[in-house]
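Per-entry structural report
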Amino acid sequence: MTIRIYNTLSGKREPLKTLKSGHVKLYVCGITSYDYCHIGHARSALAFDMIVRYLRYRDYKVTYVRNFTDIDDKIIARARQQNCSSDELASRFIDEFYLDMDKLGIDRPDIEPRATDHIPEMIEIITELIDKGMAYQAGNDVYYIVDSFPDYGKLSRRNIEDMRAGARIAVNEQKHNPMDFVLWKGSKPGEPTWESPWGAGRPGWHIECSAMSRKYLGTTFDIHGGGKDLIFPHHENEIAQSEGANDKPFVTTWIHHGFVTIRDEKMSKSLGNFLTIRDILSSYHPEILRFFIFSTQYRNPLDFSESAMKNATLGLEKLYECMAAIDVLDPDIGDEQAKALLTDVDKQKIGALEERFQNAMDNDFNTAQAQGIFFDTVKTINRNLSILSSSPAQSDIDIFKNAASTLKKLADIMGLLRVDAVTFLAEKNQKLLDKINIDEKMINLLIAEREQCRIEKNWSRSDQIRDELLAKNIELKDGPSGTEWSVKRN
RNA sequence: GGCGGCGUAGCCAAGUGGCUAAGGCAGUGGUCUGCAAAACCAUUAUUCAGCGGUUCGACUCCGCUCGCCGCCUCCA
């Protein structure tokens, strides 16, 4: 059983290969830090968080590097607007990013380099490229000679001629060739600068990742990840720089995740159709966002909508309700003599949970399928729980308890079921209750009155009370141990 | 225009050529209930955008057509 991953470079799903046995070196392009993060950024961070957790669960050692781009045109422009330095602005939004990540329960990568802390490393690579005749200085800028790298286009599957034909590339007078891209930008007055052999300036975007990945992971490493929109030009250019400078293969496997869309359009700042992570977390529990993100495989587009979030809410609650039902079972209630309720088929199904989960996740981290397997297992458990006798067989109790702990362990890879189930459901109810602003004492009084009516078989008054409460979104459930109430979801 | 991807039930979504086309939401019928609700059970695609082809056999591979999305400029 091997983990198979879709590799953008080959266009195929292939078995995971690592340079060093059992050790995955992973580099992921992080954010450009100049604003609050939106759900698309959350998807990226969550996807790789899940991948790293799964690899570790499968006993790989993982070295996970994710950078911050903290110098860039947009940062400079925004800082100017806000009357602060680029560094202050970038640092501020890195702090905000961490607040979001922490709320989402996303682990920190092992190494989180900032671009501006690695200027010497970038200058070094640029120097190497110039020495090899793969880059040239023009004015105060330095450009990469795309024609010097024969493999240019191998990741994004395009050839230079086609791209040259595209009219959308602005021709810069300084460039020898419109396709050449910038490695070092001479600075304009008032911009942050660093000294270099080519004068004061700042690095281009692509060189950052070549420099930082080489420093922390070496000239060749196992997996490089990012959003699909980074394939071209960013990752293509990284390959050109790194392989050009190092004369070694850059990355074995390229992983690219799909976008979050709204009404089937890519969420982006320019379209103004984005929602920030904190927008979402103000109305949804972080695990609901996680459940939603993982409800489709990471490479597919994921359309955000209220109804999709409601679906995710219901799904997550369904899992928690099963966990709560098992949690409240007294582990010592079991009767050693009682006849077991679970059939062999059911036992087999419950017992197969972990293996089925692994099969799904081995198949390019198919979290959607994995969630389906959770539900399938929960269905079997619920069916048996619903007919559990008051003195159940000890073997049944043990199986339920084991299943719950396995389910929690596996769900944790997606960051789900981390909260105590009973607490989660109680908080959910409280939150709904807060929203409708109703007096709990009043509810209990009415329930008591209705209880009396029911004893007296005064059905009309009893039903009237129930309808009154329902009008206020309070749902009554008559069970063997009395009447319970809950807040109905709209 | 070039390149990449997608099109599976009312909606979301798995499916690594051959086993009953997972699972969730919604719907319908039932058990339970004074009636309900919740829960549980059952049921919901002779068919996988369309048309051809390869194959003993295709949702799965190939070709074409239609529709949608993305990249080709910064972008997760």
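Predicted model, so just to flag it, every value in this text is computed and none were measured.

1. Details of the overall build of chain A
A tally of regular secondary structure across chain A gives 17 helices and 15 strands. Once the C-alpha set of chain A is aligned to its principal axes, its extents read approximately 95 × 50 × 35 Å. Counting only residues that meet the buried cut, chain A has 50% of its 490 residues in that class. Across chain A, contacts joining residues at least 24 apart in sequence account for 76% of those joining residues at least 6 apart. Of the roughly 22,700 Å² of accessible surface on chain A, a fraction of 50% belongs to carbon and sulfur atoms.

2. Section: the sheet that holds strand β6 (residues 141–144)
Across the sheet, which stays open at both edges, the four strands sit in the order β5-β6-β7-β8 with antiparallel pairing between neighbours. Edge positions in the sheet fall to β5 (135–138) and β8 (201–203), since each has one partner strand and no second. Neighbour-to-neighbour, the strand axes of the sheet open up by a mean angle of 25°, direction not taken into account. Relative to β8, strand β7 (residues 181–186) is paired through three bridges, and the arrangement is antiparallel. The residue bridging Trp 184 from the neighbouring strand is Pro 203, located in β8. Across the face of the sheet, helix α4 (residues 119–131) comes into contact with β5, β6, β7 and β8 while running at roughly 120° to β7.

3. Structural notes on the domain arrangement of chain A
Structurally, chain A comprises domain 1 (17–277), domain 2 (313–423) and domain 3 (438–487). Put simply, the middle of domain 2 and the middle of domain 3, counted by C-alpha atoms, are 32 Å apart.

4. As for the nonpolar core
Within soluble globular proteins, side chains that are nonpolar generally end up buried alongside one another. Grouped together as the largest cluster of nonpolar side chains are 83 residues, with contacts concentrated most on Leu 289, Phe 357, Phe 365, Phe 374 and Leu 417. Counting residues per element, this core draws most heavily on helix α1 (residues 39–57), at 11 residues. In this structure, this core is formed jointly by two domains, domain 1 (17–277) and domain 2 (313–423), each of which donates at least three residues. Each residue touching Leu 417, except ones within four places of it in the same chain, is listed here: Glu 287, Leu 316, Leu 319, Tyr 320, Met 323, Leu 407, Lys 408 and Ala 411. Judged by nonpolar contacts, the second largest core, of 41 residues, contains Ile 76, Ile 125, Met 212 and Leu 217.

5. Observations concerning the sheet that holds strand β10 (residues 251–257)
Spatial ordering of the open sheet is given by β4-β3-β9-β10, a layout of four strands whose pairing is parallel. The sheet terminates laterally at β4 (61–66) and β10, the two strands that pair on one side only. With strand direction ignored, the average angle separating the axes of adjacent strands in the sheet is 20°. Direction of pairing for strand β9 (residues 221–227) relative to β10: parallel, over a ladder of six bridges. Each bridged residue has a counterpart across the sheet, and for Gly 227 the counterpart in β10 is His 257. Sheet strands touched by helix α6 (residues 205–217): β3 (23–28), β4 and β9. Its angle to β3, the strand with the most contacts, is close to 155°.

6. Quick word on the pairing of β4
Within β4, five of the six residues are buried, leaving the element largely enclosed by the surrounding structure. With six bridges connecting them, β3 and β4 associate as parallel partners. Of the residues in β4, the one forming a bridge with Val 28 is Arg 66. Each parallel crossover has a hand, and for β3 linked through α1 to β4 it is right-handed.

7. Some details on the packing of helix α10 (residues 306–327) against helix α14 (residues 394–411)
Angle between the axes and distance between the axes are the two parameters that describe a pair of packed helices. One way to put it is that α10 packs onto α14 with a least axis distance of 9 Å and a crossing angle of 140°. Our classification of the angle between α10 and α14 gives oblique. Note that α10 runs across α14; the crossing there is left-handed. From α10, Met 323, Ile 326 and Asp 327 reach across to α14, where they touch Phe 400, Lys 401, Ala 404, Leu 407 and Lys 408.

8. Digging into unusual backbone geometry
In this structure, Pro 233 follows Phe 232 across a cis peptide bond, with omega equal to 0°. Within the secondary structure, Pro 233 sits in helix α7 (residues 231–246). Of note in the backbone geometry, Arg 263 takes a positive phi value of approximately 50° without being a glycine. The topology assignment puts Arg 263 in the loop between β11 (260–262) and β12 (265–266).

Conventions adopted
- Residues numbered from 1 in each chain as written.
- Chains lettered and ligands numbered in written order.
- Predicted model: local features only at pLDDT ≥ 70, side-chain atom pairs only at ≥ 80, totals over all residues.
- Heavy atoms only, no water.
- Helix = DSSP H or I, 4+ residues; strand = E, 2+ residues; numbered from the N terminus.
- Buried < 20%, exposed > 50% of the residue type's maximum accessible area, 1.4 Å probe, protein only.
- Contact = heavy atoms within 4.5 Å.
- Areas by Shrake-Rupley, 256 points an atom, 1.4 Å probe, with all protein chains shown as cover.
- Pairing = 2+ DSSP bridges.
- Axes fitted to C-alpha atoms, helices over the stretch in contact; angles between N-to-C directions.
- Domains from an automatic or database assignment.
- Core = buried A, V, L, I, M, F, W, Y, C linked by side-chain atoms within 4.5 Å.
- Right-handed = clockwise from strand over helix to strand, strands pointing away.
- Parallel < 35°, antiparallel > 145°, perpendicular 65-115°, else oblique.
- Left-handed = near helix turned anticlockwise from the far one by under 90°.

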